[in-house]
There are 2 protein chains.
Amino acid sequence: MEDYQLCPKFENAFELLGKRWTGLIVHVLLSGPKRFKDISVLIPSMSDRMLSERFKELEAAEIIIRHVYPETPVRIEYELTPRGKGLKPVMDELQKWADSH
Amino acid sequence: MEDYQLCPKFENAFELLGKRWTGLIVHVLLSGPKRFKDISVLIPSMSDRMLSERFKELEAAEIIIRHVYPETPVRIEYELTPRGKGLKPVMDELQKWADSH
DNA sequence: ATAATATACTAACATAAAGTAAGTTGTTAA
DNA sequence: TTAACAACTTACTTTATGTTAGTATATTAT
């Protein structure tokens, strides 16, 4: 039995963004690539465990890319893909809403 | 010890919209007031229990209002407040993103 | 040489949120 | 009198998230 859906794409979007922390992570990455630690400092109420889990999901959804720079010590950065950057208008509108209401 | 926050308003917005189903409920209410049953039919994968819980949260956050029409049988409708309707641009941008990416 | 510090995680366990199935209340219809 | 419907609620299970501690690898301090 298939589920009737309002709009599969829309529902898929919410499956991702409707998870705790996902939106905030995308939001901070909109200001540029960041390291694991950077984000955990910017969003201190989120645990490392959650950040790690969300990174994996966002990478699988091709919203972020993981860059490994083989320096010593190794530097790892997370960056939004074009798809991820495409969320900027959504975040901007949400910011406006949050400020005005 | 206070938690440093990126932007309290923004984080608050996510506390609500970052919960499962909330976004979809708002989305369907953007097309007009609806009854409990209407929404449960439009979003069949969501349980009544969740719908009931989300309604309460959205009402408390003044995003929806609950109207009771004392007909027989009683008719109850949920409608977006101006604050709730203010989420339209956010939803529109998300829709665009979902369609294009 | 050894201990301490740092980054980027992972593991184990506890609690909170969401899913599932059935039941409640008040009404009208057959 | 039994059934049907709307709008929920309750009890219980499963999944998600929170909390604390620990690992691997490398550099720096003593």
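What counts and how
Residues numbered from 1 in each chain as written. Chains lettered and ligands numbered in written order. Predicted model: local features only at pLDDT ≥ 70, side-chain atom pairs only at ≥ 80, totals over all residues. Heavy atoms only, no water. Near = heavy atom within 4 Å. Polar contact = N/O pair within 3.5 Å; in protein donor to acceptor, adjacent residues only side chain to side chain. Helix = DSSP H or I, 4+ residues; strand = E, 2+ residues; numbered from the N terminus. Nonpolar A, V, L, I, M, F, W, Y, C, P; charged D, E, K, R; others polar. Salt bridge = Lys/Arg side-chain N within 4 Å of Asp/Glu carboxyl O. Buried < 20%, exposed > 50% of the residue type's maximum accessible area, 1.4 Å probe, protein only. Phe/Tyr/Trp six-rings, centres within 6.5 Å; stacked < 30°, edge-to-face > 60°. Least-squares fit on C-alpha atoms with pLDDT ≥ 70 in both.

Quick word on the protein's contact with DNA strand D
Thought 1: What surrounds DNA strand D is a group of 17 residues, the closest being Arg20, Arg49 and Arg54 of chain A together with Arg66 and Tyr78 of chain B.
Thought 2: A distance of 2.9 Å separates a phosphate oxygen of DNA strand D from a polar side-chain atom of Trp21 of chain A.
Thought 3: Here a phosphate oxygen of DNA strand D sits 2.8 Å away from a polar atom, N or O, in the side chain of Ser52 of chain B.
Thought 4: At the level of secondary structure, the elements contributing two or more residues to the surface near DNA strand D comprise α4 (48-60) of chain A together with α3 (36-42), α4 (48-60) and β2 (75-80) of chain B.
Thought 5: Looking at the surface near DNA strand D residue by residue, the classes come out as 5 nonpolar, 3 polar and 9 charged.

Focus on the pattern of salt bridges
Thought 1: If you walk through the whole model with that rule in mind, you get 16 salt bridges over all chains.
Thought 2: Between Glu93 of chain A and Lys96 of chain A there is a salt bridge whose closest N-O contact spans 3.1 Å. With Glu93 of chain A and Lys96 of chain A both in helix α6 (residues 88-100) and 3 residues apart, the pair spans about one turn of that helix.
Thought 3: With a relative accessible area of 17%, Glu93 of chain A lands in the buried category.
Thought 4: Two residues, Asp92 of chain B and Lys88 of chain B, come together in a salt bridge whose shortest N-O distance is 2.9 Å. Placement of the pair is Asp92 of chain B and Lys88 of chain B together in helix α6 (residues 88-100), with a separation of 4 residues, close to one helical turn.
Thought 5: Connected through shared salt-bridge partners, Lys19, Arg54 and Glu57 of chain A make up one network.

So, the packing of aromatic side chains
Residue and element names in this part refer to chain A.
Thought 1: Tallying each qualifying case throughout the model produces 6 aromatic pairs over all chains.
Thought 2: Each ring, one from Phe55 and one from Tyr78, has its centre 3.6 Å from the other, and the planes form 10 degrees; the classification is stacked. Placement of Phe55 in helix α4 and of Tyr78 in strand β2 (residues 75-80) is noted, with a sequence separation of 23 residues between them.
Thought 3: You can call Phe55 buried: its relative accessible area is 3%.
Thought 4: By relative accessible area, Tyr78 is classed as buried at 7%.

Quick look at the environment of Gly18 of chain A
Thought 1: Within the element layout of this structure, Gly18 of chain A appears in the loop between α1 (8-17) and α2 (22-29).
Thought 2: In the structure, Gly18 of chain A is positioned 39 residues away from Glu57 of chain A in sequence and 13 Å away in space, judged by C-alpha atoms.

Overview of the protein's contact with DNA strand C
Thought 1: Taken together, 18 residues sit near DNA strand C, with Arg66 and Tyr78 of chain A together with Arg20, Arg49 and Arg54 of chain B positioned nearest.
Thought 2: Per the 4 Å cut-off to the protein, sugar and phosphate atoms form 70% of the nearby atoms of DNA strand C.
Thought 3: A distance of 2.8 Å separates a phosphate oxygen of DNA strand C from a polar atom in the side chain of Arg35 of chain A.
Thought 4: When contributions to the surface near DNA strand C are tallied by element, the ones reaching two or more residues are α3 (36-42), α4 and β2 of chain A together with α4 of chain B.
Thought 5: Partitioning the surface near DNA strand C into residue classes produces 5 nonpolar, 3 polar and 10 charged.

Structural notes on the relation of the copies chain B and chain A
Thought 1: Note on the copies: chain B fits chain A at an RMSD of 0.0 Å, the axial shift is 0.0 Å, and the rotation between them is 180 degrees. Taken together, the rotation angle and the small translation identify this as a two-fold axis. The position closest to the rotation axis in chain B is occupied by the C-alpha of Gly18 of chain B, lying 2.2 Å away.

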